[in-house]
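Architecture at a glance
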Amino acid sequence: MSKKPDLSFWQIWNLSFGFLGVQIGYALQNANTSRILQSLGADLHQLSYFWLAAPVAGLIVQPIIGLFSDRTWTRMGRRVPFILGGAILSTFCLFMMPMAEVFVAIMAPLVFAAIIFLFMDVSFNVTMQPFRALVSDMLNEKQQTKGYSVQSFLINCGAVVGSILPFVLVNVFGVNNVSTEESKIPASVSWSYYIGGGILLLTVLWTAFRTREYPPKQFLEYNGGKAEDAKEKPKLGKLLKNIPPVMLQLGLVQFFSWAALFLMWTYSTPALAANLYGTTDTLSPEYGNAGDWVGVLFAVYAVFAGLFSIMIPRIARRMGNKKVYALGLILGALGFIGMALIKDKWLLILPMVGIGVAWGAILAMPYSILAKSMDAEGTGLYMGLFNFTITIPQIIMGLTGGVIVRYLCNGNAVMMIVGAGILMLLGAVSVAIVKDRPAGN
């Protein structure tokens, strides 16, 4: 069996460069969706139901895209066509989201925004899923941790840009950040979506035209197959029968960590508006300031996640993947607790260090652990199925979040952030059950 060659740093960089743009769009969505929906009339207790769009889209779309990309061979490769098609759809949705009020004659703005939110999540999932499989396809086991760390770094660079865009437009360029009766979606948010959409498309085009996937025969030879088998399609039944056990072990860790992240994305803006500014009025300048500061804090945790991602390969060689993973989640749990307790906007930067380390670990470590245990012919399907461990906890929190915040937290969004900290700590404890196979074995 031939071995995959080592790729240069810039070849590894190009594999994931498009993810930078995708994450800009995803970060804009994470930091601003609750703000947009509340501006258009959604109340605090409804937010988690709207946020169900993201995990439901991922639950359905990613396994399908994974399976189809496993079975696709084109002149552009098998992952790149899906990445490019998803990017075009994502850009369209980012351009349409700020236009909800323009379509008021067709349907209620809140309904239109919810529909675009759903389609945006579908297109993001179409784009993101093949990026995970592409790294596994192109890199040998020795370089896979490095590959996913570079991907995590680029994801977090995109998160910084996407999260901070509205704040920069307001404080550097003087764009308005307050909802009005005439324009409920602030201009700073609208322009951020337009800019983010353009960057997303350009970065994905870079990956599409700078990445050359292995042709079918060469790919099979690198993964223990025979050249004459290149036209055979992987059998779904066989792939499902051979699902790596470590996927289920990682699933428990993923459940707790992604449930925590869902609570942060859904309730950070109302929590900080209440905690820092003492307001729940979505049309007030204070609420607009809270929304902008949430974007800044999200950018800060992404910065630290990116820095941690650079260090992951070296730390993992010394400590092992599992210890790095668990340590990251513990620091994330402490960050959530600090986020709920601190009432000074500048001191809130401190908890973002822990949340950033956790985010960097979540983006890299489970994929590095899983990649070593997958059959190459089913990488796309397995990565898609693994996305269940991301989407199911979010669906559960989306269905129960409104009830929890209303009846257990008495409408206090800050307590939902405390709950996120407890869930993240449980995730750290769950890392103990994961069996990580050493590279090359």
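Note: the structure precedes this text.
Residues numbered from 1 in each chain as written. Predicted model: local features only at pLDDT ≥ 70, side-chain atom pairs only at ≥ 80, totals over all residues. Heavy atoms only, no water.

1. Points about the overall build of the protein
Worth spelling out the cut-off: In this description a helix means any DSSP run of H or I spanning at least four residues, a strand means any run of E spanning at least two, and both kinds are numbered starting from the N terminus. Radius of gyration means the value over C-alpha atoms here, while the globule rule gives 2.2 Å times the residue count to the 0.38 power. Any residue under 20% of the maximum accessible area for its type is buried, any over 50% is exposed, and the rest in between are partly exposed; the area is computed with a 1.4 Å probe on protein chains only.
A tally of helices and strands in the protein yields 16 helices and 0 strands. Rg of the C-alpha trace for the protein: 21 Å, near the compact-globule value of 22 Å for 441 residues, within the 12% margin. Across its three principal directions, the C-alpha atoms of the protein cover 65 × 45 × 40 Å. For the protein, the proportion of its 441 residues judged to be buried stands at 60%.

2. Regarding helix 5 (residues 109-138)
Put simply, the test is: For a helix, the expected span equals 1.5 Å multiplied by the number of residues minus one.
Between its terminal C-alpha atoms helix 5 stretches 44 Å, which fits the 44 Å expected from 30 residues at 1.5 Å a residue. With 24 of its 30 residues buried, helix 5 lies for the most part within the structure.

3. Thoughts on the packing of aromatic side chains
We count it as follows: Any Phe, Tyr or Trp ring, taking Trp's six-membered ring, that has another such ring centre within 6.5 Å forms a pair; planes under 30 degrees apart are called stacked, those over 60 apart edge-to-face, and the others tilted. Working rule: Lys NZ or Arg CZ, within 6 Å of ring centre, within 35 degrees of ring normal, means a charge sits over the ring.
Tallied over the full model, the rule gives 22 aromatic pairs. Ring plane angle 90° and centroid distance 5.6 Å describe the contact between Trp191 and Tyr194, whose orientation is recorded as edge-to-face. With Trp191 and Tyr194 both in helix 7 (residues 187-210), this residue pair falls 3 residues apart, about one helical turn. On the basis of relative accessible area, Tyr194 is assigned to the partly exposed category, the value being 27%. Counting every residue linked through ring pairs, the aromatic cluster contains Tyr26, Phe124, Trp258, Trp265, Phe298, Tyr301 and Trp359. For the cation-ring pair, Arg78 lies above Phe219, with the distance from its terminal atom to the ring centre recorded as 4.3 Å. Between the NZ or CZ atom of Lys345 and the centre of the ring of Trp293, over which it lies, the distance is 4.3 Å.

4. Overview of a nonpolar patch on the surface
Selection rule: Patch building starts from residues that exceed 30% relative accessible area and form no salt bridge, then joins like charges within 9 Å and nonpolar side chains (Val, Leu, Ile, Met, Phe, Trp, Tyr) within 5 Å. Under the convention used here, a 1.4 Å probe and the Shrake-Rupley method define accessible areas, while residue burial counts only the protein chains that appear. Within this document, salt bridges are pairs made up of a side-chain nitrogen of Lys or Arg and a carboxyl oxygen of Asp or Glu, the two lying within 4 Å of each other.
A grouping of Met319, Leu327, Ile330, Leu331, Leu334 and Leu425 is seen on the molecular surface, where their side chains present a nonpolar patch of about 490 Å² in accessible area. When residues of the nonpolar patch are assigned to their parent elements, the largest contribution, 4 residues, is made by helix 12 (residues 321-341). Along the polypeptide, Leu327 turns up in helix 12. The partly exposed category is assigned to Leu327, whose relative accessible area is 39%.

5. Comments concerning the packing of helix 12 against helix 16 (residues 413-430)
Convention followed: Axis lines are fitted through C-alpha atoms, for helices just across the contact stretch, and the angle between N-to-C directions can take any value from 0 to 180 degrees. Oblique is the label for any angle not under 35 degrees, not over 145, and not in the 65 to 115 range, which are roughly parallel, roughly antiparallel and roughly perpendicular in turn. Helix crossings are classified by the rotation of the near helix relative to the far one: an anticlockwise turn of less than a right angle makes the crossing left-handed, while a clockwise turn makes it right-handed. Contact between two residues is taken to exist if any of their heavy atoms lie within 4.5 Å; hydrogens are not considered. In this classification, the charged set is Asp, Glu, Lys and Arg, the nonpolar set is Ala, Val, Leu, Ile, Met, Phe, Trp, Tyr, Cys and Pro, and all remaining amino acids, among them Gly, are polar.
Between helix 12 and helix 16, the shortest axis-to-axis distance is 8 Å and the interhelical angle comes to 165°. The pairing of helix 12 with helix 16 is recorded here as roughly antiparallel in orientation. Judged by the twist between their axes, the crossing of helix 12 over helix 16 is left-handed. Taken together, the residues of helix 16 that come into contact with helix 12 (itself represented by Ala326, Leu329, Ile330, Gly332, Ala333, Phe336, Ile337, Met339 and Ala340) are Val414, Ile417, Val418, Ala420, Gly421, Met424, Leu425, Gly427 and Ala428. Class assignment for the residues of the contact of helix 12 with helix 16 results in 15 nonpolar, 3 polar and no charged.

6. Comments concerning the nonpolar core
Stated formally: Side-chain atoms within 4.5 Å link the members of a nonpolar core, which is a set of buried Ala, Val, Leu, Ile, Met, Phe, Trp, Tyr and Cys residues.
Membership of the largest hydrophobic core comes to 125 residues, with the highest contact counts inside it found for Trp265, Tyr325, Phe336 and Met424. Looking at this core element by element, the count peaks at 16 residues for helix 10 (residues 245-277). Setting aside residues up to four positions removed in sequence, Tyr325 forms contacts with Leu250, Val253, Gln254, Ala361, Ile362, Met365, Pro366, Ile369 and Val431. Within the second largest apolar cluster, 5 residues are counted, among which are Ala27, Ala159, Ala299 and Ala302.

7. Some thoughts on the environment of Ile195
Locating Ile195 in the fold gives a position in helix 7. Spatially, the C-alpha atom of Ile195 lies 32 Å from that of Leu7, the residues being 188 residues apart in sequence. If sequence neighbours within four positions are ignored, Ile195 has contacts with Leu165 and Leu169.

8. Points about the packing of helix 1 (residues 9-39) against helix 11 (residues 285-319)
Between two packed helices, what matters for the description is the angle formed by their axes and the separation of those axes. For the pair helix 1 and helix 11, the least separation of the axes is 9 Å and the interaxial angle reads 165°. On the basis of the axis angle, helix 1 is roughly antiparallel to helix 11. Between helix 1 and helix 11 the crossing geometry is right-handed. Here Asn30, Ala31, Arg35 and Gln38 of helix 1 come into contact with helix 11, specifically with Tyr287, Gly288, Gly291, Asp292, Gly295 and Phe298. Split into classes, the residues belonging to the contact of helix 1 with helix 11 amount to 3 nonpolar, 5 polar and 2 charged.

9. Section: unusual backbone geometry
The phi dihedral of Asn410 is positive, around 55°, even though this residue is not glycine. Here Asn410 is to be found in the loop between helix 15 (388-408) and helix 16.

10. Observations concerning the pattern of salt bridges
Scanning the model with the defined rule gives 5 salt bridges in all. A salt bridge links Lys142 to Asp6, with the shortest nitrogen-to-oxygen separation between them at 3.0 Å. With Lys142 in helix 6 (residues 141-171) and Asp6 in the segment before helix 1, this residue pair connects regions lying 136 residues apart in the sequence. For Asp137, the salt bridge is made with Arg79, and the minimal N-O distance between the two is 2.6 Å. Here Asp137 is found in helix 5, whereas its partner Arg79 is found in the loop between helix 3 (53-70) and helix 4 (80-96), with 58 residues between them in sequence. Since its relative accessible area comes to 2%, Asp137 is described here as buried.

11. A few points about the side chain of Asn32
Tracing the backbone shows Asn32 in helix 1. Residues contacting Asn32, with those up to four places away along its chain left out, are Pro166, Val189 and Tyr193.

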